[in-house]
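A closer look at the structure
The primary structure of each chain is shown beneath.
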2 protein chains.
Amino acid sequence: MADALKIGIAGLGTVGASLAKILVERRDMLQTTCGRPIEIAAVTARSKGRDRGVDLSAAEWFDDPVALAREARIDVFVELMGGAGDPAHAAVKAALSRGVHVVTANKALLAAHGVELAGIAEENGCILNYEAAVAGGIPVIKALRESLTGNTISRVYGIMNGTCNYILTKMEKEGLSFEACLKEAQRLGYAEADPAFDIEGNDTAHKLSILTTLAFGTKISADDIYLEGITNISIDDIRAAADLGYRIKLLGVAQKTDTGVEQRVHPTMVPLDSVIAQVDGVTNAVAIESDILGELLMVGPGAGGNATASAVLGDIADIAKSRPGAQTVPALGRPAASLAPYKRAQIRKHHGGYFIRLSVEDRTGVFASIAKHMAENGISLESIVQRAQSTTESTDPKTIILVTHATMEDSVRKAVGSVKGEGYLVGEPQVIRIERPKTA
Amino acid sequence: MADALKIGIAGLGTVGASLAKILVERRDMLQTTCGRPIEIAAVTARSKGRDRGVDLSAAEWFDDPVALAREARIDVFVELMGGAGDPAHAAVKAALSRGVHVVTANKALLAAHGVELAGIAEENGCILNYEAAVAGGIPVIKALRESLTGNTISRVYGIMNGTCNYILTKMEKEGLSFEACLKEAQRLGYAEADPAFDIEGNDTAHKLSILTTLAFGTKISADDIYLEGITNISIDDIRAAADLGYRIKLLGVAQKTDTGVEQRVHPTMVPLDSVIAQVDGVTNAVAIESDILGELLMVGPGAGGNATASAVLGDIADIAKSRPGAQTVPALGRPAASLAPYKRAQIRKHHGGYFIRLSVEDRTGVFASIAKHMAENGISLESIVQRAQSTTESTDPKTIILVTHATMEDSVRKAVGSVKGEGYLVGEPQVIRIERPKTA
């Protein structure tokens, strides 16, 4: 039997406490599967006294996470504090710099400093594992970093924010407004009091930036992401989508194109009969399209103390199973120094289908005018639906919905701009991109 | 840069040739991600002369796979010959016995000899990887063996045979008979000339037996599987299922129960709005339910030369990334000696919902009689549908469809037996088990 793997846990919130409990309660089971015991040797958290439902008195207590990372006698530093800055950043650097492996669930830290940290890990022969940072319990880091070795990836996309998916699901299933569903999400603890980070797409963007690097071998570039949240999605959009055979999901998409790598987070129409369209509520899903394997889709819990703790535990177990000093997988899939600069593809060059919903004054010639502007911009239409509003008075605006065949975003923007210039639109036009799985 | 990882490939059929091509063409890319080159040092196949689209002249040729496994100067033996017996069995044993790691895609070999081989691997400090053996390109072995470490699994189930799923999908989508769809599958190369092994469920059973061991820590027991194929499924069943909100899939299910571990392969009703119900055609899917992580579903290509080669390559890369002599993960998730005997749960004790389709003579009292027999066996019904056959002549048989709430299989068998005894059934009753995902 090898020596115990000694770990230090920084952060004993929901995930940290859940992890500590599992490590204590399942010690024997883990020892059998990992071939050695896993021992909590050191801990740090904001409050020392709080009861976390697990006896950690045998672990050395540190008031300062950086001190723990620097001084504790540990093999693995488990960072569960969160936040892109210090103390998480300083602590992870300190641990890696002295040859201590790191497991973290901190997507913000990796989005901001991932390349730097991966480099330090490599220099010091350490493992840097972060399965829990993207899509919670879904083993997408492992799939990209290990299973798909040798594959060339063409696209990675997914539902990576449970809050948004819960809201969109509830809007559709119960016919409620965005605001009502957001309130319900807050009541259930699925959304923060300040929900902006989730519903504006920033959380998804952080996660996407990590997947982009693993998929395409480019440096993490979390600021170079086209971002649209879901606050603008109305129940009318959701209904119109359903009528046309689509469902609206907030997707993060990274895709190789001729002009660079697209990173975009926006509400997206996916075909109703696709597998990803069935992913409801707080559940996450990530799809990876590659040239040898084909399409792989993984669906699972994207958040929650236990699911996150499970991913962290898998990362710790991987370290326990490897011998100290073993050659390590580069944290970002290839050596940090070999990562290419990220070249941002312009969103105006995006090529795909579009859903366009227009509210127009009910007068003669409007339909023809819209069709003319589409044609002039080279946009061919898959379907056109004209619908009367709920009342029948003839002066009420009419709704016109267009679904385009694959076209350039620039053309769509120009066509919609021209239509706006005609003066018959009531309110703002709604434009939503369509994303199709390679295989339905 | 570490030394090259030297591999020997036994079997250069579709998968072997595809793997060899990838290893040669992507040598540089693999060297970057794995930290060392991967080199084909030895090969063996049935025919030496055949052109496989890749130059293997630098590799040492062996006529005998066992000789290759025993003598070639290699770090990894890649077994792609197939078959439970020799030479695959003897060759894998020979390789492991002298400390050579093994990667195999051979489900039949593992189903028959997995525990023995895992034990030999452990004794010799070798890695035995077999991601491609179950559900092709879906990384389910990695998920169970690594990501879910520390979790207690309650159920694993999935669509693991592309032939069956193709046939069932085509029957539903095009309203064709089983026989017509099987012929089409054979024409497209999705089914063998002798399709029995696929359509009777044996192929799924082999794969399931491996997942059962990883999930529940019991010895592989591929003969202890309740087996029902899809030959008995009619277009009427598929239509009736759809009417009631279900779709029929051939599932392999392993589940812990009070009396043991159920292993069953049979046509199964899954809710139409579940994610797994949308998995169409030759695509595979595996769901894992566990106590910490929750439910994880993975969908991807279950067969094909490239998808299988990708999984084999992932396994080889994992070995390349680990240092020779590193502590290895036990092949079956825990040490072979610690696997518990498999205790088979009796199918008669299975607890779940049932779909029952009866064709009955159109006479008074039949409906009441059926309801009585159900009630007498303690079966409560979720829905009952009575339907006239296509013609309207009153002497034609009527179809009655029952969907039960969760009940014991024994009760269903008794009730259906009693109904049969009444003499008003036309033809055999159809009974199909219902399986519900934990979520959605």
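- The name given to chain A in an unreviewed UniProt entry is Homoserine dehydrogenase, with Shinella granuli as the source organism.
- Taken verbatim from the UniProt record of chain A, the Sequence similarities (unreviewed entry) comment is "Belongs to the homoserine dehydrogenase family."

Here we look at the interface of chain B and chain A
- With 56 residues of chain B in contact, the opposing surface of chain A contributes 57 residues.
- Carbon and sulfur atoms make up 56% of the area that chain B and chain A hide from each other, which totals about 4400 Å².
- Taken together, the connections running from chain B to chain A amount to four salt bridges.
- Aspartate 291 of chain A is the salt-bridge partner of arginine 26 of chain B, the closest N and O atoms lying 2.4 Å from each other.
- Looking at the side of chain B that touches chain A, the elements with two or more residues in it are α2 (27-34), α6 (140-147), β12 (294-301) and α12 (305-321) of chain B.
- Among the elements that take part in the side of chain B that touches chain A, α12 of chain B stands out by supplying nine residues, more than any other.

Describing the packing of helix α1 (residues 14-25) of chain A against helix α12 (residues 305-321) of chain A
Residues and elements named next belong to chain A.
- Direction vectors running N to C along α1 and α12 enclose 60°, while the axes themselves pass 8 Å from each other. Judged by the angle between their axes, α1 and α12 are oblique. In the crossing of α1 with α12, the sense of the turn from one axis to the other is right-handed. Along its contact with α1, which presents Thr14, Val15, Ser18, Leu19, Ile22 and Leu23, the element α12 presents Gly305, Asn306, Thr308, Ala309, Val312, Leu313 and Ile316.
- Class assignment for the residues of the contact of α1 with α12 results in eight nonpolar, five polar and no charged.

Considerations on the side chain of glutamate 262 of chain A
Residue and element names in this part refer to chain A.
- With respect to the secondary-structure elements, glutamate 262 resides in strand β10 (residues 260-271).
- Within polar-contact distance, the side chain of glutamate 262 engages the side chain of arginine 264 at 2.6 Å.
- Leave out the neighbours within four places in its chain, and glutamate 262 touches Val253, Ala254, Gln255, Thr257, Tyr342, Ala345, His350 and His351.

Let's talk about the layout of surface pockets
Residues and elements named next belong to chain B.
- Roughly 1400 Å³ of volume is contained in the second largest pocket.
- Around the second largest pocket sit 48 residues that line it, and Val15, Lys107, Glu192, Ala303 and Thr308 are the ones nearest its centre.
- Mapped by element, the contributors of at least two residues to the lining of the second largest pocket are α1 (14-25), α5 (107-123), α7 (162-174), α9 (196-199), α10 (202-216) and α12.
- When grouped by side-chain class, the residues that make up the lining of the second largest pocket number 19 nonpolar, 19 polar and ten charged.

Things to note about the sheet that holds strand β2 (residues 38-44) of chain B
Residue and element names in this part refer to chain B.
- The six strands are arranged β3-β2-β1-β4-β5-β6 in an open sheet whose pairing can be described as parallel. Every other strand in the sheet has two partners, leaving β3 (60-62) and β6 (128-129) as the edge strands with one partner each.
- Examined bridge by bridge, strand β1 (residues 5-10) and β2 share six bridges and lie parallel to one another. Bridging across to β2, alanine 10 finds its partner in threonine 44.

Quick look at the environment of glutamate 428 of chain A
- Here glutamate 428 of chain A lies in the loop between α14 (409-421) and β17 (430-434).
- The sequence separation of glutamate 428 of chain A and glycine 245 of chain A amounts to 183 residues, and the corresponding C-alpha distance is 23 Å.

Some thoughts on the UniProt feature "active site" (unreviewed entry) in chain A
Residues and elements named next belong to chain A.
- In this numbering, the UniProt entry assigns the feature "active site" (unreviewed entry) to Lys207.
- Relative accessible area serves as the criterion here: at 7%, lysine 207 is assigned to the buried category.
- Those residues in contact with lysine 207, other than ones at most four positions away along the chain, are Lys107, Ala133, Val134, Ala135 and Met160.

Details of the packing of aromatic side chains
All names here are of chain A.
- Across all of its chains, the model carries two aromatic pairs over all chains by this definition.
- Considering the side-chain rings of tyrosine 166 and tyrosine 190, the 5.0 Å spacing of their centres and the 65° angle between planes classify their relative orientation as edge-to-face. With tyrosine 166 in helix α7 (residues 162-174) and tyrosine 190 in the loop between α8 (178-187) and α9 (196-199), the pair connects residues that are 24 residues apart, well separated along the chain.
- The exposure class of tyrosine 166 is buried, given its relative accessible area of 11%.

Focus on the sheet that holds strand β6 (residues 128-129) of chain A
Residue and element names in this part refer to chain A.
- Strand order in the open sheet formed by six strands is β3-β2-β1-β4-β5-β6, with parallel pairing between adjacent strands. Of all strands in the sheet, those bounded by a partner on one side alone are β3 (60-62) and β6.
- Note: strand β2 (residues 38-44) against β3, three bridges, orientation parallel. Of the residues in β3, the one forming a bridge with alanine 42 is glutamate 60.

What to know about the relation of the copies chain B and chain A
- Note on the identical chains: chain B maps onto chain A by a rotation of 180° and an axial translation of 0.0 Å, with an RMSD of 0.0 Å. The superposition of one copy onto the other is thereby described by a two-fold rotation axis. When C-alpha positions in chain B are compared against the rotation axis, the closest is assigned to methionine 298 of chain B, at 2.2 Å.
- In this assembly, 100% of the residues forming the interface of chain B have copies in chain A that are likewise at the interface, indicating an isologous arrangement.

Regarding the UniProt feature "binding site: NADP(+)" (unreviewed entry) in chain A
- The UniProt record annotates "binding site: NADP(+)" (unreviewed entry) at Ala10, Gly11, Leu12, Gly13, Thr14, Val15, Gly16 and Ala17 of chain A.
- Looking at where threonine 14 of chain A falls in the secondary structure, it is placed in helix α1.

Some details on α7 of chain A
All names here are of chain A.
- For α7, spanning 13 residues, the distance from its first C-alpha to its last is 18 Å, which sits close to the expected 18 Å at 1.5 Å a residue.
- Restricting attention to buried positions, one finds in α7 the residues Gly162, Thr163, Cys164, Asn165, Tyr166, Ile167, Leu168, Thr169, Lys170 and Met171.
- The inward-facing, buried residues of α7 abut β7 (153-159), α8, α9, α11 (235-243), β9 (246-257) and β11 (283-290).
- You can read the cap of α7 off the contacts: a side-chain oxygen lies 3.2 Å from the backbone nitrogen of threonine 163, and it is on asparagine 161.
- Just downstream of α7 lies glycine 175, where phi reads positive at about 65°.

Looking at a nonpolar patch on the surface
- On the surface, Leu188, Tyr190 and Val282 of chain A cluster together to form a nonpolar patch covering roughly 230 Å² of accessible area.
- What makes tyrosine 190 of chain A partly exposed here is its relative accessible area of 37%.

Some details on the domain arrangement of chain A
- Segmenting chain A into domains produces domain 1 (5-137 + 305-338), domain 2 (141-301) and domain 3 (351-434).
- Computed over C-alpha atoms, the centres of domain 1 of chain A and domain 3 of chain A are 52 Å apart.

Conventions we followed
Position numbers for residues start from 1 in each chain and track the written sequence from start to end. Chain letters start at A and ligand numbers start at 1, both assigned in the order the entries are written. Residue-level local features of this predicted model are given only where pLDDT is at least 70; pairs of side-chain atoms are given and counted only at 80 or more, and the full residue set underlies all totals for whole chains, interfaces and linings. For the side-chain quantities, the full set of heavy atoms in the structure was used; hydrogens and water were omitted. UniProt positions are given in the numbering used here, feature names are shortened, and annotations may be inferred rather than shown by experiment. In this analysis, two residues are considered to be in contact whenever any of their non-hydrogen atoms come within 4.5 Å of each other. Values labelled buried area give the accessible surface lost by two parts on being combined, using a 1.4 Å probe and summing over both. The rule for a salt bridge is simple: a side-chain nitrogen of Lys or Arg has to be within 4 Å of a carboxyl oxygen of Asp or Glu. A helix here means a DSSP run of H or I that spans at least four residues, while a strand means a run of E at least two residues long, and both kinds are numbered starting from the N terminus. Under this scheme, a helix contributes an axis fitted over its contacting stretch, all axes are lines through C-alpha atoms, and angles between N-to-C directions fall in the 0 to 180 degree range. Geometric relationships in this document are graded by angle, where less than 35 degrees denotes roughly parallel, more than 145 denotes roughly antiparallel, 65 to 115 denotes roughly perpendicular, and other angles denote oblique. By convention the crossing between two helices is left-handed if the near helix lies anticlockwise of the far one by an angle smaller than a right angle, and right-handed if it lies clockwise. Basically, the charged four are Asp, Glu, Lys and Arg, the nonpolar ten are Ala, Val, Leu, Ile, Met, Phe, Trp, Tyr, Cys and Pro, and anything else, Gly included, counts as polar. Here a polar contact is recorded for every N or O atom pair within 3.5 Å, except that within protein the pair must consist of a potential hydrogen donor and a potential acceptor, and residues adjacent in sequence are included only if both atoms are side-chain atoms. Think of a 1 Å grid over just the protein atoms. A cavity is a set of points where a 1.4 Å probe fits yet cannot get out, a pocket is an open set with protein on both sides within 12 Å along at least five of seven lines, and lining residues have an atom within 4 Å of a point. Grid points are joined across faces, edges and corners, and a volume is the space filled by probe spheres set on the points. When DSSP finds at least two bridges between two strands, those strands are taken to pair. With a 1.4 Å probe rolled over the protein chains alone, any residue whose accessible area is under 20% of its type maximum counts as buried; one over 50% counts as exposed, and the rest are partly exposed. A pair of aromatic rings is counted whenever rings of Phe, Tyr or Trp (Trp by its six-membered ring) have centres within 6.5 Å, and the orientation is called stacked for planes under 30 degrees apart, edge-to-face for over 60 and tilted otherwise. To line up the copies, we fit them by least squares on C-alpha atoms, keeping just the residues with pLDDT of at least 70 in both. Expected span of a helix: the number of residues minus one, times 1.5 Å. Here, patches come from residues exposed beyond 30% relative accessible area and free of salt bridges, joined within 9 Å for like charges and within 5 Å for nonpolar side chains (Val, Leu, Ile, Met, Phe, Trp, Tyr). In this description, accessible areas are obtained by the Shrake-Rupley approach with a 1.4 Å probe, and a residue is regarded as covered only by the protein chains that are shown. Each domain's limits were defined by an automated method or a database of domain assignments.

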